[in-house]
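# Structure assessment
Residue-level listing of the chains:
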Amino acid sequence: MASKRFMIVTMQVEGKNGFPALVAKVKTGGVPVLYHGALAASAATFVGHYPWFFTVSPCPALPCPALP
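In what follows, the accompanying structure is described. (Residues numbered from 1 in each chain as written. Predicted model: local features only at pLDDT ≥ 70, side-chain atom pairs only at ≥ 80, totals over all residues. Heavy atoms only, no water.)

### Examining the overall build of the chain
Just so we agree on the cut-off: Runs of H or I in DSSP of at least four residues are treated as helices and runs of E of at least two as strands, each being numbered from the N terminus. The buried label applies to any residue whose accessible area, calculated with a 1.4 Å probe on protein chains only, is under 20% of its type's maximum; exposed applies above 50%, and partly exposed to all values in between. Each accessible area value is a Shrake-Rupley result obtained with a 1.4 Å probe; residue values ignore everything except the protein chains displayed when judging cover.
Along the chain, the regular secondary structure elements total three helices and zero strands. Going from N to C terminus, the chain has its helices and strands arranged as α-α-α. Of all 68 residues assigned to the chain, the portion counted as buried reaches 9%. Put simply, the chain shows about 5,900 Å² of open surface, and 73% of that area lies on carbon and sulfur atoms.

Pasting the structure below:
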């Protein structure tokens, strides 16, 4: 999945020359080149979602106001 996303982003940035550039990069660095930045993206997702879970998790323990 990440390799498909890498291809799409490369083609958006580079245009028609994006796919040949991607092929050249894979030939030079191998398939792991497609996953450069995956750890950073995972860390950014975790940091972005952490406040949500910190805020929402205690909510079920709080009393709910009565509905009219």
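### Topic: the packing of aromatic side chains
The following threshold applies: Stacked, tilted and edge-to-face pairs are distinguished by plane angle, under 30 degrees for stacked and over 60 for edge-to-face with tilted covering the rest, among Phe, Tyr and Trp rings (Trp via its six-membered ring) whose centres lie within 6.5 Å.
Under the counting rule described, the total for this entry stands at one aromatic pair. Both rings, one in Phe-46 and one in Tyr-50, keep their centres 5.9 Å apart while their planes meet at 40 degrees; by these two values the pair is tilted. Taken together, the residues span about one helical turn, with Phe-46 and Tyr-50 both in helix H3 (residues 38-56) at a distance of four residues. Judged by relative accessible area, Tyr-50 falls into the partly exposed class, the value being 49%.

### Examining helix H2 (residues 18-29)
Applied cut-off: What a helix should span is 1.5 Å times the count of its residues minus one.
Relative to the 16 Å expected for 12 residues at 1.5 Å per residue, H2 spans 16 Å between its end C-alpha atoms, a close match to the ideal helical length. With its phi angle positive at about 85 degrees, Gly-30 sits one or two positions after the end of H2.

That's the geometry; what it means functionally is another story.
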